[in-house]
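Coordinates in review
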Amino acid sequence: MNDKVVDFVFKILAAGTVPALLWVNSLSVQNAVLETTVSNLSKQVSDVEVEQKRVSAVITENQASLREVHVTVKFIKDLLVEIRSDLRRDTHGN
């Protein structure tokens, strides 16, 4: 009877080996897919970081240009105020 029990246990273990191997293979495939996904996402993050640095540089350049435009507009405004003042003085003086 003992031999039959041992034989039965080995048959159960043998029958469980194939599904266990299939399960391990499935996990291996899932792991490989996840590694590929992580690698792709890491590359995308690197690309976005490079683009973000480029955009930051352009923003800095635009800020400098806007400051220059602001100074120019202020200068033109001051000139217009002066011209208006001169015109009023001339029209009221005549």
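Preceding this section is the structure that the text describes.
This one's a predicted model, so the numbers in the text were calculated from it and none came from an experiment.

What counts and how
Residues numbered from 1 in each chain as written. Predicted model: local features only at pLDDT ≥ 70, side-chain atom pairs only at ≥ 80, totals over all residues. Heavy atoms only, no water. Helix = DSSP H or I, 4+ residues; strand = E, 2+ residues; numbered from the N terminus. Rg over C-alpha atoms; globule rule 2.2 N^0.38 Å. Buried < 20%, exposed > 50% of the residue type's maximum accessible area, 1.4 Å probe, protein only. Salt bridge = Lys/Arg side-chain N within 4 Å of Asp/Glu carboxyl O.

As for the overall build of the chain
Counting its regular elements, the chain contains one helix and zero strands. At 40 Å, the chain has a C-alpha radius of gyration far larger than the 12 Å of a compact globule built from 94 residues. The principal-axis extent of the C-alpha atoms belonging to the chain is close to 135 × 20 × 15 Å. The buried share of the chain, taken over its 94 residues, is 0%.

Concerning the environment of Asp47
As for its position among the elements, Asp47 is in helix H1 (residues 2-93). It is 42 Å that separates the C-alpha atoms of Asp47 and Pro19, two residues lying 28 residues apart in sequence.

Considering the pattern of salt bridges
Evaluated as defined, the whole model comprises five salt bridges. Linking Lys74 and Asp78 is a salt bridge whose minimum nitrogen-to-oxygen distance equals 3.5 Å. Pair noted here: Lys74 and Asp78 are both in helix H1, with a separation of four residues, about one helical turn.

Focus on the environment of Lys4
Within the secondary structure layout, Lys4 lies in helix H1. A relative accessible area of 64% places Lys4 in the exposed class. Along the chain, Lys4 and Val69 lie 65 residues apart, while their C-alpha atoms are 95 Å from each other.

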